[in-house]
Amino acid sequence: MFTLSETSIVATIVLVAFAILGWGFYRAKPFGKLGIFAWLQSVVLMAPWLLFFGLFAAGIYINIVGILFLVVASAGLYIYLGKQLRAAGQDALLKQKANQRLAAEASSETNTTENAPPPVGVAELKVEVLTIPEDDLNAIKGIFGIDTFFATETIAYQEGAIFKGNLRGEAQEVHNRLSTSLQERIGDRYRLFLVENTDGRPVVIVLPSRNDPRPTNLAQKSFAVILFLATVATSLEAAGILLSFDLFGQLQRLPETLPIGLGLLTILVAHEIGHWVMAQRYNVRLSWPFFLPAVQIGSFGAITRFESLLPNRTVLFDISLAGPAAGGIVSLLMLIAGLLLSHQGSLFQVPNQFFQGSILVGSLARVVLGSALQSPLVNVHPLVVIGWLGLVVTALNLMPAGQLDGGRIVQAIYGRKTAGRASLATLILLGIVSLANPLAMYWAILILFLQRDLERPSLNEISEPDDARAGLGLLALFLMISTLLPLTPALAGRLGIG
């Protein structure tokens, strides 16, 4: 039980926090919507700790998994409110510029009468706040036509413009013609995007090319090298753990870890080569891979950014799928080869429950090993363990969230709206699973802080990948689920596992 002084300290912390929040609301209220959003962000950041200390004062303890869950939920809400704040700030800035321009026009007009129309109409006002130079704007408007895209309205957007109108032809063909015409008139100074508006109608967005993705600089490349070296170390450490010793404490046993550690690295490198080969096919630049070291399984994979704008969603799909396909095939071949090479006296002896951890692995093991899975301990070749870990890393990257390969695949097939919903659902599911498996919590945190945002739109965001690619995407998601989903005890019993 708490002493009176301890309870007083905790209660004081909670009261001070509420006082700070109350003062923050009082200061934020005069700023309207922007102020309230900013205040809510501070509330979201403090809420987990207020709840923790409040329950602590009441004698209710939250374990580390519960605390991490609260922190992740808080981070998700903070990110959402941040997006709302930026959107509200952009709207406010546009209104401010419009009002300033309107005031300037009104002050310069000395001969207007009481019944005269306002000097600037709504449509004209939107054009006048455009930051695109007038010559460039006229040249851009000249690319449209009745046989491609018939523009009816121009709206300021960021440093460019949105052109509303009617699409007159197949989206990819129209985009190619408009982009070619734009480059002939203005050169390489602008990029043309063909996307869906909030009402589902196609619109053209033109933005300066200075907003293109930037190439990886020297500092980032150095960081990528450091992360790769760390991943080599964690892969060897994971191999040591599988062999029942701590490599960092027994470096003289390094040679024993090399076969398994190098096997894990082979799968990771194959994954990145798959991305690189497909990107080369489409003349798309990729950043250096930023590997994510993890002692438990060697690595969570790597973060690879696009350094080029993608021409369409088909290219996004092909590059995104190529990595998991390469890494997954290598992992699957290693797993099958390991199962075929397994025999009495193999290096590893694993409990038969090992094969209940994955529907895919358990099913393949049942086919190859047969009745051997009924023994309490099953002798397996090291390639079985390497292949299984490789499949887990591949499956984690195929989860439909943010800029993971799976999130990019869903975005390519179903669009940004569905991809956003899938990302939220995935993070919620990871939060629930993390109550029983800390690995899910680590992965959820990495997604939230490193990979949560959707991939930027393609130049042609309207044309969808064909049905064959959609089928491959669904197959990849199915393999992800079958790899990560464990066998139920009843199903494992029917399969003869255990």
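To be clear, the structure that these remarks concern was listed above.
Reading guide: rules and limits
Residues numbered from 1 in each chain as written. Predicted model: local features only at pLDDT ≥ 70, side-chain atom pairs only at ≥ 80, totals over all residues. Heavy atoms only, no water. Helix = DSSP H or I, 4+ residues; strand = E, 2+ residues; numbered from the N terminus. Buried < 20%, exposed > 50% of the residue type's maximum accessible area, 1.4 Å probe, protein only. Contact = heavy atoms within 4.5 Å. Areas by Shrake-Rupley, 256 points an atom, 1.4 Å probe, with all protein chains shown as cover. Pairing = 2+ DSSP bridges. Axes fitted to C-alpha atoms, helices over the stretch in contact; angles between N-to-C directions. Phe/Tyr/Trp six-rings, centres within 6.5 Å; stacked < 30°, edge-to-face > 60°. Lys NZ or Arg CZ within 6 Å of the ring centre and 35° of its normal. Left-handed = near helix turned anticlockwise from the far one by under 90°. Nonpolar A, V, L, I, M, F, W, Y, C, P; charged D, E, K, R; others polar.

Caption draft 1: Quick look at the overall build of the protein. Regarding its fold elements, the protein presents 16 helices and eight strands. Looking at the protein residue by residue over its 498 residues, the buried ones come to 44%. Counting contacts in the protein only where the partners sit at least 6 residues apart, residues at least 24 apart contribute 70% of the total. Here the protein has roughly 25,900 Å² of accessible surface; of this, 64% comes from carbon and sulfur atoms.

Caption draft 2: The arrangement of the environment of K141 in detail. Note that K141 resides in helix α5 (residues 134-141). Taking relative accessible area as the criterion, K141 reaches 35% and is therefore assigned partly exposed. Each C-alpha atom of the pair K141 and L182 lies 9.4 Å from the other, and the pair is 41 residues apart in sequence. Contacts of K141, omitting those with residues within four sequence positions, involve T154 and F163.

Caption draft 3: Examining the environment of P202 more closely. Secondary-structure assignment places P202 in strand β4 (residues 202-208). Separated by 31 residues in the primary sequence, P202 and A171 place their C-alpha atoms 9.0 Å from one another. Setting aside residues no more than four positions away along its own chain, P202 makes contact with F149, G165, L167, L194, V195, E196 and I462.

Caption draft 4: The arrangement of the sheet that holds strand β3 (residues 190-196) in detail. The strand order across the open sheet formed by four strands is β1-β2-β4-β3, and the pairing between neighbours is antiparallel. The sheet terminates laterally at β1 (149-157) and β3, the two strands that pair on one side only. Ignoring which end each strand starts from, the neighbouring axes of this sheet average 25 degrees apart. In this sheet, β4 lies alongside β3 in antiparallel orientation, the contact comprising seven bridges. Looking at the pairing, E196 lines up with P202 of β4. Lying on the sheet, α5 is in contact with β1, β2 (160-167), β3 and β4; it crosses β2 at an angle near 20 degrees.

Caption draft 5: Structural detail: the packing of aromatic side chains. Enumeration over the complete set of coordinates arrives at six aromatic pairs. Taking the centre distance of 5.5 Å and the plane angle of 55 degrees together, the rings of F228 and F291 count as tilted. On the criterion of sequence distance, the pair formed by F228 in helix α7 (residues 218-242) and F291 in strand β5 (residues 290-294) is long-range, its members being 63 residues apart. Owing to a relative accessible area of 31%, F228 belongs among the partly exposed residues under this scheme. A residue is classified by how much of its surface remains accessible, and F291, at 6% relative accessible area, is buried. Taken together, a centroid distance of 5.3 Å and an interplanar angle of 50 degrees make the contact between F354 and W388 tilted. Highlighted residues: F354 in the loop between β7 (348-351) and α10 (359-369) and W388 in helix α11 (residues 382-397), separated in sequence by 34 residues. Members of the aromatic cluster, joined through ring pairs, are F144, F149 and F163. Above the plane of the ring of F245 lies R253, whose end atom (NZ or CZ) is 3.9 Å from the centre.

Caption draft 6: Main features of the environment of I462. When you line up the elements, I462 lands in the loop between α14 (438-451) and α15 (467-484). Each C-alpha atom, one on I462 and one on A171, is 6.6 Å from the other, the two residues being 291 residues apart in sequence. With near-sequence residues (within four places) excluded, I462 lies in contact with A171, L194, V195, E196, P202 and R313.

Caption draft 7: The packing of helix α8 (residues 254-281) against α11, seen in detail. Two numbers describe how α8 lies on α11: the axes approach to 10 Å, and their chain directions differ by 35 degrees. Crossing of α8 against α11: the hand is right-handed. Between α8 and α11, the residues in contact are P259, I260, G263, L264, I267, L268 and H271 and P382, I386, L389, G390, V393 and N397, respectively. Counted by class, the contact of α8 with α11 contains nine nonpolar, four polar and no charged residues.

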